[in-house]
Amino acid sequence: AGQFLEIKVSKTGTPFLRRPISIYNICKEEGLVEFIFQVKGEGTKLLAEENVGTELDIMGPLGKGSFDIGNYKKVAIIGGGIGTYPLHELAKQLNEKSEVTVYMGFRNKDLVTLEKEFEAVSRRLVITTDDGSYKEKGFAINFLKEDCKIEKPDMIFACGPLPMLKAVRQFALEENI
């Protein structure tokens, strides 16, 4: 959990740099690693144009898995946008020994992904959209804060945009989580 792949998206050398993409799922039985990405620029556009079955030049897994799984009874996982993707493998691993609640925030309904996959690896799933176009309206952290009034988790894991991460960090410090 927390590792990524570096994917070469062009055979011609343009764009030159590989694209870092988070690992979404590991299928040990099949020997597969799955990743999901959002088209944001030229590199991910080229990657999206590849056909199923095309051989890709991938380096990985890279990085030091940044999540310390530990021994926690109750865990909250909060992700925003494409930051939710690397949290799936984490939720799978934690769900084997912890009660996992996942909070996923997206800008709107069209960007919501992996709902069924996260339902399968969590005790409870809260999905929010900024504009209220799907499920709960608002930011995922607000629902985490409300739930913590009833019962605090032992640990909070997060991945997403910097403003969200700063808010989660501040909340965790205030609540001594």
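Q: It is not clear to me how the overall build of the protein chain should be interpreted in this structure. Could you clarify?
A: When helices and strands are tallied, the protein chain shows 5 helices and 9 strands. Ordered by position from the N terminus, the helices and strands of the protein chain form the series β-β-β-α-β-β-α-β-α-β-β-α-β-α. Rg of the C-alpha trace for the protein chain: 17 Å, near the compact-globule value of 16 Å for 177 residues, within the 12% margin. Along the first, second and third principal axes, the C-alpha set of the protein chain runs to 55 × 35 × 25 Å. Considering only contacts within the protein chain whose residues lie at least 6 apart along the sequence, 57% involve residues at least 24 apart. If you sum the accessible surface of the protein chain, you get close to 10500 Å²; carbon and sulfur atoms cover 51% of it. When the 24 basic and 26 acidic side-chain charges of the protein chain are each reduced to a single mean position, those positions are 4 Å apart.

Q: Hey, could you run me through the pattern of salt bridges in this one?
A: Working definition: two side chains of opposite charge can pair if their charged atoms are close together. Per the counting criterion, the structure on display carries 10 salt bridges. Ionic pairing is found between Glu49 and Lys45, a salt bridge with its closest N-O pair at 3.1 Å. Here Lys74 makes a salt bridge to Glu151, at a shortest N to O gap of 3.3 Å. Taken together, the positions of Lys74 in strand S5 (residues 74-80) and Glu151 in the loop between helix H4 (140-150) and strand S9 (155-159) put the pair 77 residues apart, joining distant regions of the chain. Within the structure, one salt-bridge network assembled from shared partners comprises Lys74, Glu99, Arg123 and Glu151.

Q: I'm lost on the environment of Asn71 in this one. Help?
A: In this fold, Asn71 is placed in the loop between strand S4 (57-62) and S5. Look at Asn71 and you get exposed, because its relative accessible area is 73%. The spatial distance from the C-alpha of Asn71 to the C-alpha of Pro161 is 27 Å, given a sequence separation of 90 residues. Separated by 3.5 Å, the side chains of Asn71 and Lys97 make a polar contact.

Q: How do you make sense of the side chain of Glu115 when you look at a structure like this?
A: Within the fold, Glu115 resides in helix H3 (residues 115-120). Beyond its immediate stretch of four places on either side in the chain, Glu115 contacts Leu125, Ile127, Tyr134 and Lys135.

Q: Help me understand H4 in this model?
A: One full turn of an α-helix is made of 3.6 residues, so residues set three or four places apart face in the same direction. Considered for burial, the residues of H4 that qualify are Ala140, Ile141, Leu144 and Cys148. Axial view of H4: buried residues confined to an arc of 90°, hence all on one face. Of the exposed residues in H4, those oriented more than 90 degrees away from the buried face are Lys149 and Ile150. For H4, the secondary structure elements touched by its buried residues are S5, strand S6 (99-106), strand S7 (124-129), S9 and helix H5 (162-174).

Criteria and thresholds
Residues numbered from 1 in each chain as written. Predicted model: local features only at pLDDT ≥ 70, side-chain atom pairs only at ≥ 80, totals over all residues. Heavy atoms only, no water. Helix = DSSP H or I, 4+ residues; strand = E, 2+ residues; numbered from the N terminus. Rg over C-alpha atoms; globule rule 2.2 N^0.38 Å. Contact = heavy atoms within 4.5 Å. Areas by Shrake-Rupley, 256 points an atom, 1.4 Å probe, with all protein chains shown as cover. Lys, Arg positive; Asp, Glu negative; His and termini not counted. Charge placed at Lys NZ, Arg CZ, Asp CG, Glu CD. Salt bridge = Lys/Arg side-chain N within 4 Å of Asp/Glu carboxyl O. Buried < 20%, exposed > 50% of the residue type's maximum accessible area, 1.4 Å probe, protein only. Polar contact = N/O pair within 3.5 Å; in protein donor to acceptor, adjacent residues only side chain to side chain. Arc of directions from axis to C-beta.

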